[in-house]
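Structure at a glance
Each chain, letter by letter, is given below.
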Amino acid sequence: MSGPVLVTGAAGFIGRHLCRALLAQGRQVYGLDLRIPGKTPGLQAFASPEPIWIQGDICFAETWQDLPAFETIFHLAALTGVRPSIHAAPAYLRCNLEGVAQALDACLRQKKQAPHFIFASSSSVYGGSQGRPLKESDLPAPCSPYAVSKLAAETLIQSYTRLYPLKAVVLRFFTVYGPGQRPDMALYQFAQALEQGLALTLFEPETTRRDITYISDIINGMLKAESWNSLQSASSFEVFNLGSGHPLSVSDWVNQLEAISGLKAVEKCFLARPAGDVSETWADLTHAASLLGYTPSTSLNSGLETFWNWFSCKGKVYV
Ligand code: NAD
């Protein structure tokens, strides 16, 4: 693929890494976000070369008017996080469903062929699903407004591929981590507590297991999905898990982080798992491996080391 590409949510954790990878391939990249690196207070500038930034809210039709033509859209912009969604269902549905509808309509308005649509979904759509490991064909059982918003968006995208000549791929990410990650995510919170000598709050860490995935594996999966999508027929829709395939208990991550950082938690507070959080995520990668050739290659130890080196470095430089 060589044409121009639009990344929504480009100023976020995954968006920045994706833009960096696309720019390294020589692609022309437009980055659409509410926030603009280097301009929005508190958001570090993007190192050169950088995307062509477009500031706007994906929920507003005006944001999508007069955009330059693009070959692919990676739609990442969203309200994120399971727990905050529990008391903010209307806002999550507006951004994560209505925002997707605006993006889809903008794609169909493009003069030439509709762009390839690559959507960032989440393992949270599986929720209380009983499958182990979780396959794309398992019945979703979302446990939070965030998960519902992602599943509803997936369904909306699928309906557009039935109505129009649109090629779409849905990627269900399993807990992504790495340099630049969101401060609200568990790993960042653990690292912060270790660094500051504060107590770690852990929710049933022995029995809570997460398939956590290093950022570069996710980016490779996204690029493979784009290439695969371009080879499909006029209208197509496919869902893929992107994970590590190796769930680990939260206790295991904390132990490894303590070993890598050389710091010991001063205290650990154990609490019941909050509403909306599931006990385990575990990605079945058979489908992504056979169709996309997706093979995550970063071990937890090396991923955590890179994460810690970034986290503990003064000034935390973002990509
Ligand atoms: P992030 O919060 O770092 O990035 C999201 C970006 O979207 C932000 O820069 C934000 O400003 C932008 N945004 C939010 N609302 C917007 C709006 N109305 N208009 C324009 N921009 C808006 O999140 P992330 O971790 O990089 O996640 C990226 C995508 O991947 C999201 O769709 C998320 O749901 C999905 N995902 C992430 C993970 C993970 O572990 N990080 C796991 C599963 C799925």
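See the structure printed just above.
Now for a quick tour of the structure. (Residues numbered from 1 in each chain as written. Predicted model: local features only at pLDDT ≥ 70, side-chain atom pairs only at ≥ 80, totals over all residues.)

Once that is clear, we can look at the site of the ligand. If you check the shell around the ligand, you find 25 residues, and the closest are Gly9, Gly12, Phe13, Ile14 and Ala78. Broken down by secondary-structure element, the contributors of at least two residues to the shell around the ligand are α1 (13-24), α4 (89-109) and β5 (116-122). It is α1 that provides the largest number of residues to the shell around the ligand, a total of three residues. (Near = placed C-beta within 6 Å. Helix = DSSP H or I, 4+ residues; strand = E, 2+ residues; numbered from the N terminus.)

This paragraph deals with the packing of α1 against helix α7 (residues 215-230). Interaxial distance between α1 and α7 falls to 10 Å at its minimum, and their mutual angle equals 60 degrees. On the basis of the axis angle, α1 is oblique to α7. Once α1 is placed against α7, the crossing between them reads as right-handed. Contacts from Ile14, His17, Leu18 and Ala21 in α1 reach Ile215, Ile218, Ile219, Met222 and Leu223 in α7. (Axes fitted to C-alpha atoms, helices over the stretch in contact; angles between N-to-C directions. Parallel < 35°, antiparallel > 145°, perpendicular 65-115°, else oblique. Left-handed = near helix turned anticlockwise from the far one by under 90°. Contact = placed C-beta atoms within 7 Å.)

Right, let's talk about α4 for a bit. Spanning 21 residues, α4 covers 29 Å between terminal C-alpha atoms, matching the ideal 30 Å at 1.5 Å per step. If you follow the buried residues of α4, they end up packed against β1 (5-8), α2 (61-64), β4 (72-75), α3 (82-85), β5 and α5 (145-163). (Expected span 1.5 Å × (residues − 1).)

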